[in-house]
Amino acid sequence: MSHLSERPERPVVGLSVPHESAALHVTGSALYTDDLVHRTKDVLHAHPVQVMKAHGRVTALRTGPALAVPGVVRVLTGADVPGVNDAGMKHDEPLFPEEVMFYGQAVAWVLGETLEAARLGAEAVEVEVEELPSLVTLEEAIAADSFHGARPVMLTGDVDAGFAGSARVFTGTFRFSDQEHFYLETHAALAHVDEAEQVFVQSSTQHPSETQEIVAHVLGLHSHEVTVQCLRMGGGFGGKEMQPHGFAAVAALGATLTGRPVRVRLNRPQDLTMSGKRHGFHAEWKVGFDTAGRIQALDATLTADGGWSLDLSEPVVARALCHIDNTYWIPHARVAGRVARTNKVSNTAFRGFGGPQGMLVIEDIMGRCAPLLGLDPIELRERNFYRRGQSTPYGQPVVRPERISAVWERVKSGARIAERGREIAAFNAAHPHTKRALALTGLKFGISFNLTAFNQGGALVLIYKDGSVLINHGGTEMGQGLHTKMLQVAATALGVPLHKVRLAPTRTDKVPNTSATAASAGADLNGAAVKDACEQLRKRLLQVAAGRLGANASDVRIVGGVAHALGGDGEVAWDDLVRTAYLQRVQLSAAGFYRTEGLHWDATAFKGSPFKYFAHGAAATEVEVDGFTGAYRIRRVDIVHDVGDSLSPMIDIGQVEGGFVQGAGWLTLEDLRWDTGDGAHRGRLLTQGASTYKLPSFSEMPEEFHVTLLEDAAEEGAVYGSKAVGEPPLMLALSVREALRQAVAAFGPTGVGVELASPATPEAVYWAIQAAGRGADGHAVDGVTGGIDLRVGAAEAWSGA
């Protein structure tokens, strides 16, 4: 086992400890960005001037009326920007636009003594707009050939030969929806300028270094003149990776111009209408199977709804392409990706970052085709699992394919799949208007940033004379437990009890040039950097201890806060050891660094090994569906998930549970609606709150929820043998949708594929039941299933209605 993966005697990692801020969370004592306003004097409040048109050119902007409103101090416009009027890394997101690109875009910001004064001032600003044609839906953008960014193609094998050799060929299309992050804390920033003209920004951001960079270039400053700090976030899920930068820049610009602290905090409707979501996708596909049901070829085009600017759409599409195979070997594949440009908010990162969209396409294909092939869906999936020696369509070997089967088989046995399948069949036979179904799906999710440069992390660890330890690292805390894991890593690496270690807020003047806390790589990158720093310190302290104990440093161990020599009786307590080191003028601080090795990626050829390893999991979900209403409930969920050798098991189980529920929300409940008509409010988001956008709640939780972490699963080459856990569990919720599909199919004749909308809301399930009862999408059973065209060999063809 590598040095990075090896665990010392009595490690603190691997213990189930509470979240480091759990007590603060439940008592309401935890401070978030906007809480700091009440601790800051003379704060000005910012309010956006939004234009309620999907697309238009600003022909006049009159701020005078706003300045006449009592309490209004200033109106910020593009003319006030001393640097670059842009809030995006692609330089396609003007902070103060002259052309409105989505309904509700801010063209100016009003600063007031109170939020109410700023709001009234924003209402008083006069904006004249020349309305322009808009593209609101993905289908409209495709028809208009409205695309931007790269258009990658992933190619492996000989696709034409693969189809020629296929016994069965199916084609289809699939449109699935976007998803709102709905973090509890909306976007927020608080900025002030100190006596040295240093700009200090408190921001709810997953990427403090990039927030720093954007603020600096908007203000025309260097990065060392801007410091960004993130205490914690009340949720992020990817929505705070890129999109906080503009809000932080507005606050910083206001503070620079007025000399007073400026606060930006969006209310919920503003956050929903001004910030990006998970990308909705359109997929067009063709798949071929041999006589045994093994995939021979796949030809697909995935189109993401990028919104008005690029944001992270290109890497999201790239990751979708990299995950369309999921757990299945596809010997011949041609998959194209593209980003549609629409007049909607700029869609962005969301937990899974394109991976869920890619996996959803292949799992939808498997679920739709299984009955047409005359195979049980579980059997079809098993026949196509990766085996040793096989590689992904982009060329990365799947080095441990046995993990796919390991989690799968443990779910099958632990959840009693075969036995419960018979029970469900008996229930369905006795209940004509209520049906149950049990589906099993797996996942293979690559861990690392696709952009190789982002796979680095830094840390700064300080030991004080009294033996207490303070760690700084580049990762941010959004409730996922990263800070808890870093405390455990530091305590383990130093050999001290957990209570000896404290963690400082994430800020750019302590650890520079950090990557976003994203791609599930937070613990991998920052944990390895913390470990590196601690081991530098430990090496120095071992030399000091060796002198005290009269032994060689190589024979000294620090365990539980006590240094001792192998074979000796002497001991030196940690606090005493640190004091001795100080008196000997030994440096008690260290900067750690880590870069993920073994990665290479050619984005043009779409080939390489972009991932350090794959995370695996499997989930079995049982549902019950009411045939009269389409309403359903999740009766039971069984999950086995591979997190390697867990750094913090209680944290990881919570992440698996939370990720699954969030994925189930995306696939079954969360239905974003936009005004697509030609009226005055075209492009308006209609679901602007929890009253109209349904989130999973207690009533949607599984009645039985069993989560098990795969045992004996240490990952070689990862910090203390652990694996990432943030994003992969979300895709386990694909089992919920597949169970709903099978329950719908039970209302109709056998052998018919079921098309199911995503999200599969009760309404969508109801209409699918109606279609299943009539045979197939309202048509008689004649070889056509919904929008799928079937071909047997090359001789016969049917066309779908």
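Our subject is the structure listed above.
Residues numbered from 1 in each chain as written. Predicted model: local features only at pLDDT ≥ 70, side-chain atom pairs only at ≥ 80, totals over all residues. Heavy atoms only, no water.

*Asks:* Please provide a residue-by-residue account of the sheet that holds strand S2 (residues 56–62), values included.
*Replies:* Spatially, S4-S2-S6 is the arrangement adopted by the 3 strands of the open sheet, whose pairing is antiparallel. On the outer flanks of this sheet lie strand S4 (99–100) and strand S6 (126–131), each paired with one strand and no other. Note that S2 and S4 share 2 bridges and pair antiparallel. Residue pairing across strands places Gly56 opposite Val100, the latter belonging to S4. (Pairing = 2+ DSSP bridges. Helix = DSSP H or I, 4+ residues; strand = E, 2+ residues; numbered from the N terminus.)

*Asks:* Would you mind going over helix H16 (residues 574–583) in detail, with residue names and values included?
*Replies:* Turning to H16, its buried residues are Trp574, Leu577, Val578, Thr580 and Ala581. When H16 is viewed along its axis, its buried side chains cluster within an angular range of 160° and face the same direction. Just past H16, the residue Arg585 takes up positive phi, approximately 60°. (Buried < 20%, exposed > 50% of the residue type's maximum accessible area, 1.4 Å probe, protein only. Arc of directions from axis to C-beta.)

*Asks:* Explain the pattern of salt bridges to me, using residue names and the numbers behind them.
*Replies:* Under the defined criterion, the tally for this structure stands at 55 salt bridges. Glu126 serves as the salt-bridge partner of Arg62, at 2.7 Å between the closest nitrogen and oxygen. One end of the pair, Arg62, is in strand S2; the other, Glu126, is in strand S6, with 64 residues separating them in the sequence. With relative accessibility at 35%, the residue Glu126 sits in the partly exposed group. Arg294 is paired through a salt bridge with Asp290; the nearest N and O atoms lie 3.3 Å apart. (Salt bridge = Lys/Arg side-chain N within 4 Å of Asp/Glu carboxyl O.)

*Asks:* Before we move on, can you summarise the sheet that holds strand S23 (residues 571–573) with the specific residues and values?
*Replies:* Spatially, the 3 strands line up as an open sheet ordered S21-S22-S23, and their pairing is antiparallel. The outermost strands of the open sheet, each flanked by one partner alone, are strand S21 (556–559) and S23. Direction aside, the axes of adjacent strands within the sheet are offset by 20° on average. Sheet topology places S21 next to strand S22 (residues 562–565); 4 bridges connect them, and they run antiparallel. Pairing of Val559 across the sheet is with Val562, part of S22. Strand contacts of helix H15 (residues 522–549): S21, S22 and S23, with the helix running at about 115° to S21, the strand carrying the most contacts. (Axes fitted to C-alpha atoms, helices over the stretch in contact; angles between N-to-C directions. Contact = heavy atoms within 4.5 Å.)

*Asks:* Quick rundown of helix H13 (residues 417–430)? Include the residues and the values.
*Replies:* Helix length check: H13, at 14 residues, gives a terminal C-alpha distance of 20 Å against a target of 20 Å (1.5 Å per residue), a fit within 8%. For H13, the full list of buried residues reads Ile417, Arg420, Ile424, Phe427 and Asn428. Taken end-on, H13 shows its buried residues confined to a sector of 95°, consistent with a single buried face. Of the exposed residues in H13, the ones pointing more than 90 degrees away from its buried face are Ala418, Arg422, Ala429 and Ala430. (Expected span 1.5 Å × (residues − 1).)

*Asks:* Break down the nonpolar core for me, citing the residues and quoting the values.
*Replies:* Of all hydrophobic cores here, the largest spans 111 residues; its most connected members are Val287, Phe289, Leu302, Val625, Ile639, Phe660 and Val765. If you look at the next biggest cluster of nonpolar residues, it comprises 51 residues, including Met486, Ala516, Val556 and Trp574. (Core = buried A, V, L, I, M, F, W, Y, C linked by side-chain atoms within 4.5 Å.)

*Asks:* Can you tell me about the pairing of strand S16 (residues 434–447), naming the residues and giving the values?
*Replies:* Across the 14 residues of S16, 13 count as buried, placing the element largely inside the fold. With 14 bridges connecting them, S16 and strand S27 (residues 613–626) associate as antiparallel partners. Within the sheet, the bridge partner assigned to Ile447 lies in S27 and is Tyr613.

*Asks:* Report on the side chain of Ser309, specifying residues and quantitative values.
*Replies:* Inspection of the secondary structure puts Ser309 in the loop between strand S14 (295–307) and helix H9 (313–322). A distance of 3.5 Å separates a polar atom in the side chain of Ser309 from a polar atom in the side chain of Glu93. Polar contacts involving the side chain of Ser309 include one to the side chain of Ser346, which spans 2.8 Å. Beyond its immediate chain neighbours, meaning those up to four positions away, Ser309 contacts Asp92, Glu93, His148 and Ser346. (Polar contact = N/O pair within 3.5 Å; in protein donor to acceptor, adjacent residues only side chain to side chain.)

*Asks:* Hey, could you go over the packing of aromatic side chains for me, with residue numbers and the actual values?
*Replies:* Using the criterion set out here, one finds 16 aromatic pairs in the structure. Taking 6.3 Å as the distance between ring centres and 75° as the angle between the ring planes, the aromatic pair formed by Trp109 and Phe247 counts as edge-to-face. Placement of the pair is Trp109 in strand S5 (residues 105–112) and Phe247 in helix H7 (residues 244–258), with a sequence separation of 138 residues. Comparing Trp109 with Phe247, the two get one shared label, buried. Considering the side-chain rings of Tyr394 and Trp601, the 6.1 Å spacing of their centres and the 80° angle between planes classify their relative orientation as edge-to-face. Linking Tyr394 in the loop between helix H11 (377–383) and helix H12 (402–414) with Trp601 in strand S25 (residues 600–602), this pair joins segments that are 207 residues apart in sequence. Here the two residues Tyr394 and Trp601 agree in accessibility, since each one is buried. (Phe/Tyr/Trp six-rings, centres within 6.5 Å; stacked < 30°, edge-to-face > 60°.)

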